[in-house]
Every structure is written in C-alpha cells, then in structure tokens.
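Survey of secondary and tertiary structure
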Amino acid sequence: MAESIIREDVVVSIQYTLRDAKGQVLDTSDASEPLVYLHGYENIVPGLEDALDGKKVGDKVKAVVAPEDGYGEKTGEVERVPRDAMPPDIEVGMDLLAEDEDGDVIPFWVVAIEGDEVVVTPDHPLAGVELHFDVEVVALRAATKEELDHGHPHGPDGHGHH
Ligand code: ZN
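Residues numbered from 1 in each chain as written. Predicted model: local features only at pLDDT ≥ 70, side-chain atom pairs only at ≥ 80, totals over all residues. Heavy atoms only, no water.

A look at the overall build of the chain
What counts, and what does not: The helix and strand labels rest on DSSP assignments: H or I over at least four residues marks a helix, E over at least two residues marks a strand, and numbering proceeds from the N terminus. Per-residue accessibility, obtained with a 1.4 Å probe over protein chains only, is compared with the maximum for each type, and a residue is labelled buried under 20%, exposed over 50%, and partly exposed between these values. Contacts are assigned to residue pairs that have any heavy atoms within 4.5 Å of one another. Accessible surface is estimated by sampling points in the Shrake-Rupley manner with a 1.4 Å probe; for residues, cover comes only from the protein chains shown. In this tally Asp and Glu are treated as negative and Lys and Arg as positive; neither His nor the chain ends contributes. Throughout, a charge is located at the NZ atom of Lys, the CZ atom of Arg, the CG atom of Asp or the CD atom of Glu.
When helices and strands are counted, the chain shows two helices and nine strands. When the helices and strands of the chain are read in sequence order from the N terminus, they spell out β-β-β-α-β-β-β-β-β-β-α. On the principal axes, the C-alpha backbone points of the chain span a range of 55 × 40 × 30 Å. Looking at the 162 residues of the chain, the share that counts as buried comes to 34%. For the chain, the share of sequence-separated contacts (at least 6 apart) that also reach a separation of at least 24 residues comes to 62%. As presented, the chain carries roughly 9900 Å² of accessible surface, and 49% of it is formed by carbon and sulfur atoms. Within the chain, one finds 12 positive and 37 negative side-chain charges whose respective centroids are separated by 10 Å.

As for the nonpolar core
The test is simple: Here, nonpolar core means buried Ala, Val, Leu, Ile, Met, Phe, Trp, Tyr and Cys residues that are tied together by side-chain atoms lying within 4.5 Å of each other.
If you look at the biggest cluster of nonpolar residues, it comprises 20 residues, and the most contacted ones within it are Val-12, Ile-14, Leu-48, Leu-52, Phe-133 and Val-135. For this core, the elements supplying multiple residues, two or more each, are β1 (10-19), α1 (46-52), β4 (60-65) and β9 (131-142). Core analysis: the next-biggest nonpolar cluster, separate from the first, contains eight residues, Ile-90, Leu-96, Val-110 and Val-120 among them.

Digging into the environment of Thr-28
Note the threshold: Residues adjacent in sequence count toward polar contacts only when both atoms are side-chain atoms; beyond that, a polar contact is any pair of N or O atoms within 3.5 Å, and within protein one must be able to donate a hydrogen and the other to accept it.
Tracing the backbone through its elements, the reader meets Thr-28 in strand β2 (residues 25-28). Taking C-alpha positions, Thr-28 is 14 Å from Ala-63, a pair spaced 35 residues apart along the chain. Apart from the residues lying within four places of it in its own chain, the contact partners of Thr-28 are Tyr-16 and Thr-17. Side-chain polar atoms of Thr-28 contact the backbone oxygen of Tyr-16, separated by 3.0 Å. Reaching out from Thr-28, the side chain makes a polar contact with the side chain of Thr-17 at a distance of 3.3 Å.

Details of the side chain of His-152
Along the chain, His-152 turns up in the segment after α2 (145-150). Take His-152: its relative accessible area is 14%, and that puts it in the buried class. Looking at His-152, its side chain comes within polar contact range of the side chain of His-150, at 3.5 Å.

Focus: the side chain of Thr-17
Summarising the element assignment, Thr-17 is placed in strand β1. If we skip the residues at most four places from it in the chain, Thr-17 touches Val-25, Asp-27, Thr-28, His-132, Phe-133 and Asp-134.

Here we look at the sheet that holds strand β6 (residues 95-99)
Strands belonging to one sheet form pairs held by backbone hydrogen bonds; the direction of such a pair is parallel or antiparallel. This is how it is decided: We treat two strands as partners when DSSP finds at least two bridges between them. Angles run from 0 to 180 degrees between N-to-C directions of axes, and those axes are lines fitted to C-alpha atoms, restricted for helices to the stretch in contact.
With antiparallel pairing, the four strands of this open sheet are ordered in space as β5-β8-β7-β6. One side of each edge strand has no neighbouring strand; the edge strands of this open sheet are β5 (79-82) and β6. Neighbour-to-neighbour, the strand axes of this sheet turn through a mean angle of 45°, independent of strand direction.

Pasting the structure below:
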C-alpha cells in the first residue's frame, strides 16, 4: 500500500549525507541502496526522525541535529575490562552490547586494546557531535504487521532480517 506522507508506522527510504559542523562527511548512504527505516521507532536518531515527519517522496530535507537529539552528549567515561572477558575477534571501533544491573541492554564501544585489557566507553563515536544531514526522501510504504511487531523494516523480499 502506498503512503503519501511520512508518519508513524511508515517504512521510509532515504538517501542521506551526514556531515559534521565543519562540513566533513561522516557517513553517506550508498547511491544504489537507500537507508530504509521504520518511522516512529527510533531506528534513526530522534532529531532526524522529527525533521522528516510529514515529508513526502522527493522532498529534500536539511536537518541540523544537536547531540542531545542525536547520539547523545559525550560522557568521557571509560572502563577497563579484561580482554579474556571479550569476544576473541575484538577490535578497536567495534560496538558491543552489555546488560546493566536492571537487565537493560546498553551499547558500548571499544576505544583501545592495551595488553590484556580492553578500554571501552558508553559514548557513541558520534556522541557530542552536531549532525548536519542532507536527506532526500525516495520511497514510502506502509509497514507490515510483522515489521510493526519487530519495530524495524524487513527487506522487500522478506530477507535481510536482523
Ligand atoms: Zn524483524
């Protein structure tokens, strides 16, 4: 079913380029493969989701997203963890999931490997960064019930599940 505007429960395809405040490109979608997300489910950063709300196919959107509406403020916190408590293929820059004392899953990132210790931080690599998005909306469709249950889109042929 076709959808005419971006709203909650719509699967949105966008082409985007993300730059920092100095104009340096941080990330960009592949020309042949747009980013596909489910609107209203925090699949993308909240500031960009807000900026896209109500937009149509063909709309070009420029959004400047503050860290608090992006990847959060930088805490600067680091923790040292024994290397043998980590997956054997651990690498700097890798993100992992940990469970906190309340059973909530929290992501963290590997910033260094020093001898038999791994240094990790809860800060996303783009924490504290003002995000400058250039977005073009390329397609919209209604989500399937399964996608709504999962809170994320599935591939056009049902593959690409994660
Ligand atoms: Zn799924």
